[in-house]
Amino acid sequence: MPIRRIFLGFDRPALAAAVDYLVERFRDGDLLDARRVIVALPGRRACRRLLDLLVARAEGQGLVLMPPVIETVGRLPEQLYEARRPFAENLVQQLAWAAAVRDGDEAIVSRVLPDRPAADDLPAWLTLGEMLGRLHRELAADGLDFADVACCGSKLAGFTEAARWDALAAVQRRYLATLDELLLWDRQTARRVAIKHRECRTDAEIILLGTVDLNRAQREMLAQVADQVTALVYAPQGWAERFDALGCLDVAAWQDAAIELDDADLLAAEGPAAQAEATVRALAGFEGRFRGDEITIGIPDDTLVPYLTQQFTQCGIAARYGVGTPIEHTAPFRFLEAVAEFLEGRSFAAFAALARHPALEGWLLEQQCGGHLLAHLDRVQRDHLPERMAVAMLDAVRAPGVVRQAAAAVERLLAGFTGKRPLCDFGPPLLDLLAEVFGRRAVDVTAYHGRLLVAACEPLRSAVAQLAAIPTDLAPTVGGTTALSIILRDVAGSTIPPPADPAAVELLGWLELPLDDAPALVVTGMNEGTLPSSLNADLFLPNQLRRALEIEDNDRRYARDAYALATLAATRRALRLIVPRWSVEGDPLRPSRLLFACDPATAARRAVRFFAESEPEAAPPALPGSLRPGLAESAFEPPQPQPSEEAVASMRVTEFRDYLACPYRYYLRHRLGLAALDDSAAELDGGAFGALAHEVLRRFGAEEIAGRLRGEPAAADPRAIAERLDRHLEAAVAERFGRDPPAVVRVQVEHLRRRLAAFARLQAQRAAEGWHIVAVEIGPPAPKEAAAAEAPEETTDPEEKTDPEEKTDPEEKTDPEEKTETARPGPQQAERRSAPAAPCHSDDLDARQAGPAFLEVDEEPMYLRGRIDRIDYRPKDGTWMVLDYKTSDTPQKPADTHRDGTSRWTDLQLPLYRHLARALGIDAPVRLGYVVLPKDVTKVGFEEAPWNKEDFDDADEAAAEVIRLVRRREFWPPKSPPPAGFGELAAICGDGILATQAAAAEAAAREEET
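Residue positions are given per chain, counting from 1 as you read along its sequence in written order. Confidence filtering applies because this is a predicted model: local features only for residues at pLDDT of at least 70, side-chain atom pairs given and counted only at 80 or more, and all residues used for totals across whole chains, interfaces and linings. Water and hydrogen atoms play no part in the side-chain values, which are based on all heavy atoms of the structure.

### Brief notes about the overall build of the chain
A helix here means a DSSP run of H or I that spans at least four residues, while a strand means a run of E at least two residues long, and both kinds are numbered starting from the N terminus. A count of helices and strands for the chain gives 36 helices and 27 strands. When each of the 1010 residues of the chain is scored for burial, the buried share is 53%. Residue contacts are counted whenever heavy atoms from the two residues lie within 4.5 Å of one another. Here the contacts in the chain between residues at least 6 apart in sequence split such that 80% fall between residues at least 24 apart. Only the protein chains shown count as cover for residues, and all accessible areas are computed by the Shrake-Rupley method using a 1.4 Å probe. Total accessible area computed for the chain in this model is approximately 45,100 Å², and 51% of it derives from carbon and sulfur atoms. The classification of residues rests on relative accessible area computed with a 1.4 Å probe and restricted to protein chains. Under 20% of the type maximum is buried, over 50% is exposed, and intermediate values are partly exposed.

### Some words on a nonpolar patch on the surface
Within the patch definition used here, like charges are joined within 9 Å and nonpolar side chains (Val, Leu, Ile, Met, Phe, Trp, Tyr) within 5 Å, considering only residues with over 30% relative accessible area and no salt bridge. Salt-bridge detection follows one rule: a side-chain nitrogen of Lys or Arg within 4 Å of a carboxyl oxygen of Asp or Glu. On the surface, a nonpolar cluster with roughly 220 Å² of combined accessible area is contributed by Val443, Val445 and Val454. Tracing the chain through its elements places Val454 in helix 20 (residues 448–468). Val454 gets classed as partly exposed once you look at its relative accessible area, which sits at 43%.

### Description of the pattern of salt bridges
Where side chains of opposite charge bring their charged atoms close, a pairing between them can arise. Summed over all chains, the structure comprises 75 salt bridges. Linking Arg557 and Glu552 is a salt bridge whose minimum nitrogen-to-oxygen distance equals 3.3 Å. Each member of the pair, Arg557 together with Glu552, is buried. Its salt-bridge partner being Glu552, residue Arg560 comes within 3.8 Å of it at the nearest N-O pair. For the residue pair Arg560 and Glu552, the accessibility class agrees, reading buried in each case. Shared partners join several salt bridges into a network, and the residues in it are Asp11, Arg12, Asp20 and Arg57.

### Observations regarding a negative patch on the surface
Judged by side-chain charge, Asp301, Asp302, Glu585 and Asp587 come together as a negatively charged surface patch. Of note, Glu585 is situated in the loop between strand 18 (574–580) and helix 24 (600–611). Just so you know, the count uses Lys and Arg for positive and Asp and Glu for negative, and it drops His and the chain ends. Charge positions are represented by NZ for Lys, CZ for Arg, CG for Asp and CD for Glu.

### Quick word on the pairing of strand 25 (residues 879–886)
Of all eight residues in strand 25, eight are buried, a share of seventy percent or more. Alternating positions in strand 25 separate into two faces, Thr879, Met881, Leu883 and Tyr885 on one and Trp880, Val882, Asp884 and Lys886 on the other, with burial throughout. Across five bridges, strand 24 (residues 868–874) lies against strand 25 in antiparallel orientation. Residue pairing for strand 25: Asp872 is matched across the bridge by Met881. Strands pair, by our definition, only if DSSP identifies at least two bridges between them. If you look at the hairpin formed by strand 24 and strand 25, you'll find four residues sitting between the two strands, and Gly878 has a positive phi there, around 65°. Here seven bridges tie strand 25 to strand 26 (residues 926–932), and the two strands are oriented parallel to one another.

### Brief notes about the nonpolar core
Buried Ala, Val, Leu, Ile, Met, Phe, Trp, Tyr and Cys residues that are joined via side-chain atoms within 4.5 Å together make up what is termed a nonpolar core. Core analysis: the biggest nonpolar cluster contains 102 residues, and Leu139, Trp165, Phe335, Ile470 and Leu541 have the highest contact counts within it. Tallying contributions element by element places helix 3 (residues 90–102) first for this core, with nine residues. Judged by nonpolar contacts, the second largest core, of 64 residues, contains Val19, Phe243, Leu508 and Leu565.

### A look at helix 3
A helix is expected to span 1.5 Å multiplied by its residue count minus one. Taking 1.5 Å per residue, 13 residues should reach 18 Å; helix 3 reaches 18 Å between its end C-alpha atoms and fits that length. Helix 3 sits mainly inside the fold: 11 of its 13 residues count as buried. Among the residues of helix 3, those classed as buried are Leu91, Val92, Gln93, Gln94, Leu95, Ala96, Trp97, Ala98, Ala99, Ala100 and Val101.

### Quick word on the sheet that holds strand 3 (residues 31–33)
Within a sheet, each strand pairs with its neighbour through backbone hydrogen bonds, oriented either parallel or antiparallel. Here three strands make up an open sheet; going across it, the order is 2-3-5 and the pairing mixed. Looking at strand neighbours, the two that pair on one side only are strand 2 (27–28) and strand 5 (64–66), the edges of this open sheet.

### Observations regarding helix 21 (residues 480–491)
For helix 21, built from 12 residues, the straight-helix expectation of 16 Å at 1.5 Å per residue is met to within 8% by its first-to-last C-alpha distance of 17 Å. Most of helix 21 sits inside the fold, with 10 of its 12 residues counted as buried. For helix 21, the full list of buried residues reads Gly480, Thr481, Thr482, Ala483, Leu484, Ile486, Ile487, Leu488, Asp490 and Val491. On the buried face of helix 21, the contacting elements are helix 3, helix 5 (122–141), helix 13 (331–345), helix 19 (427–438), helix 20 and strand 14 (477–479).

### Remarks on the packing of aromatic side chains
Whether two aromatic rings pair depends on their centres lying within 6.5 Å, for rings of Phe, Tyr and Trp, where Trp uses its six-membered ring; planes under 30 degrees apart make the pair stacked, over 60 edge-to-face, and the rest tilted. As enumerated under the stated definition, the model contains 27 aromatic pairs in all. A ring pair is formed by Phe7 and Phe243, whose centres lie 5.8 Å apart and whose planes are at 70°; its orientation type is edge-to-face. One end of the pair, Phe7, is in strand 1 (residues 4–7); the other, Phe243, is in the loop between strand 8 (229–233) and helix 10 (251–255), and 236 residues separate them in sequence. Centre to centre, the rings of Tyr659 and Tyr666 are 5.3 Å apart; their planes meet at 75°, and the pair counts as edge-to-face. An identical accessibility class is assigned to Tyr659 and Tyr666; each is buried. By definition, being over a ring means that NZ of Lys or CZ of Arg is both within 6 Å of the ring centre and within 35 degrees of the ring normal. Across the ring face of Trp254, the terminal group of Arg242 is positioned such that the distance to the ring centre comes to 4.8 Å.

### With respect to the side chain of Ser592
Tracing the backbone through its elements, the reader meets Ser592 in the loop between strand 18 and helix 24. For Ser592, a relative accessible area of 0% corresponds to the buried category. Looking at Ser592, its side chain comes within polar contact range of the main-chain oxygen of Leu531, at 2.4 Å. Pairing of N or O atoms within 3.5 Å defines a polar contact, subject to two protein rules: one partner must be a possible hydrogen donor and the other a possible acceptor, and residues neighboring in sequence count only if both atoms are side-chain atoms.

Next up, the structure:
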């Protein structure tokens, strides 16, 4: 008896029609008894929805429901035969495939895999096993094996892969033999055996609903129980010739079938953001005729999901993406990823990333070793660039105690993953690890994040169960990193469905749409290559070979998608199809050929619409809250400065430059003390390179001063000076980076060594001219009253305040070989890499009685703070010179760095050093200048400032004006375009994306003035 086909028609949704059929077929009075019924549908969502509708119908009609078995058609075969052996789990299959390739005959395997992975690279072998397993399952689903492909291919003209398929067939036989030896069964092979021996039987009545694309194995199994099978075909009786005897698509009949679409329902859009807005416009066009649960958004291309969800959120539309949250986005998965990354090489960067995971951060706090840990880790990374997290490294850089405690705690926590052992033995340590980190706190499973956490652990628990099921003979010996990688790889791709929301708009994949019962539908991404997708580029089974094998090919996919679109067009009360012109990656897109399955005149009209060049149509006003690409101005307004009663009692000499650059950014950096601290440094940045040079030169200067106090002459031999600088450089590097610094640091140190060698020659010449160093790293003390009134300096750790005397102007330097000029670093670069050394000076400069430096403005002093890198003195003419070290790539002249082209002061650091020198007891006029150490060592030298008294008076007046503005708290608005050197404040100021309203207002005011 053949399978019975019943065409449901299109007057009701498919699932509702199926419920009607089940009630009519299996109702007996007040009893709806379908216990001996198996209903098979294409997907899980349709299964859940059918059961919901059955329950609702039974409750509505007062029926006692004995529900049927509702199963996906992919799982139906196991209902039709009895398995004689346990099925091999997915991981066991991958291991068996990997073993079949790795241990096979070298001559045969080389045809499959010319470049073999390393013998101990288990993840690579498992990837290969996964690929072969996927190929095996697809072919077995249509009753084929690798030998069948070799045989069929040899009959095709131009087929050159026979040898490879013969080799694959040998590997396949070895794979099946391996499972046989383990008394396990391959699921696909078990189905083939059941078909071959006609073992398919069942006492249940089987009802197929919407299963229009069955593979050959499913067809042959159903054919053996055909007298118990009914196919409910969601289509009108008039389409009967488009379906075969099993209710599946007749592929040939659908190739030329017309699809009735209304041109008004086809909406063009540009890129993904425009698609999202077009979707919302389509919803608005429904004019409130449908509730949220009566609307579905079809998403053939899931790369559009983030754009849609963001658009819906901004417009206040509740949406639910049925696929759910990928397990890769959950806390347990990311934690184990971080653990595996750390175990791989125990790098410092991986440890810092692991410590940042919220779960481990909370666990470390419970272990009493988490206080300000992240800030300390950032500083260790920034200051010392460690490569590995090891005790020797922590000792070498004198790491804070909290870092040592955290490192020891993490090592104890991960002790179960040290050493090598059989893969199946890593299950208990994994569960213990998750329980220790995530199981110590109560979880609210009624809240979304709590439910997500619990649900994410279920696939991991199943993966551990798979580990335990690995036969001993197949279990490889691996380390903890490999074991974790395999477990994570096994669960990757799992999703956690979102909670139910009856009022939400559903976002569904393309294949779920025909059985969805929402009356209103918007489908995005109607593009060729997505609908229908192509199989032409398959690595093993290109379309020509697929067609010869009579397995899924391009024609079959076209038939499937044509049926789906024709069904949607015929059954939805409202349908909108969005056709974008650009992909998420910015590539041009073509409309789907499904849109041209119509008469020639309609096809021509649509072709003109979608392909012809035309003037862009003016878009209607954007919806409230919608994504609006292309705006020139942002609606974001940076937070305005808040009034403060605290008076500014003192300022660093470097603060003036920041105020002159931008009062608002000055306020954020110096008055609020905002600073950035991160661990992104992979090499010495500008501040670190400059700080290292400063430290070496400080040590050299201190040594010179100590020698003079002992009556020794100033060093005048370039070679001797270079040797001393080398010695100080090696000592400073060892203290900061240990005895084995990273390779990139060693390269940068050599660049600095070249600069210092050039400096040695000039220093010798300067000593010959009678100059000697009298002070290094020196500055006047801050008055107690100023220190008490002053706001805290920039800091990122409440336990570590910045030294009020600390100098914050290390030089601009990133890569001495690549950069030509870099902007002044932000505070995260400007902090000193070590505590400032005690000032050093000789008897030529008696600063022991020095008082605070200040600038009197409007009869009120503003105290000045800062440290001078170096002060030189020449006794023969009583000349003093204040010097600042500069290590930027290009040589800098004081006149260029302190004034712009209009002679307006942009920096006041050197002129204000006069006041620091005076406070140190230097009553005579001082000369000011830079010691420049650029990349081009031929330009290393002393650059003196050319200013005279008039210039200095002008600088003092500019400083006084800044002081007045700071006292009046005039910090608004932000400057636009943003000045260089404030990158850490860009997010607050809205830099780099769109002009802010404040900046636009400032620009408008400037135009008005001119």
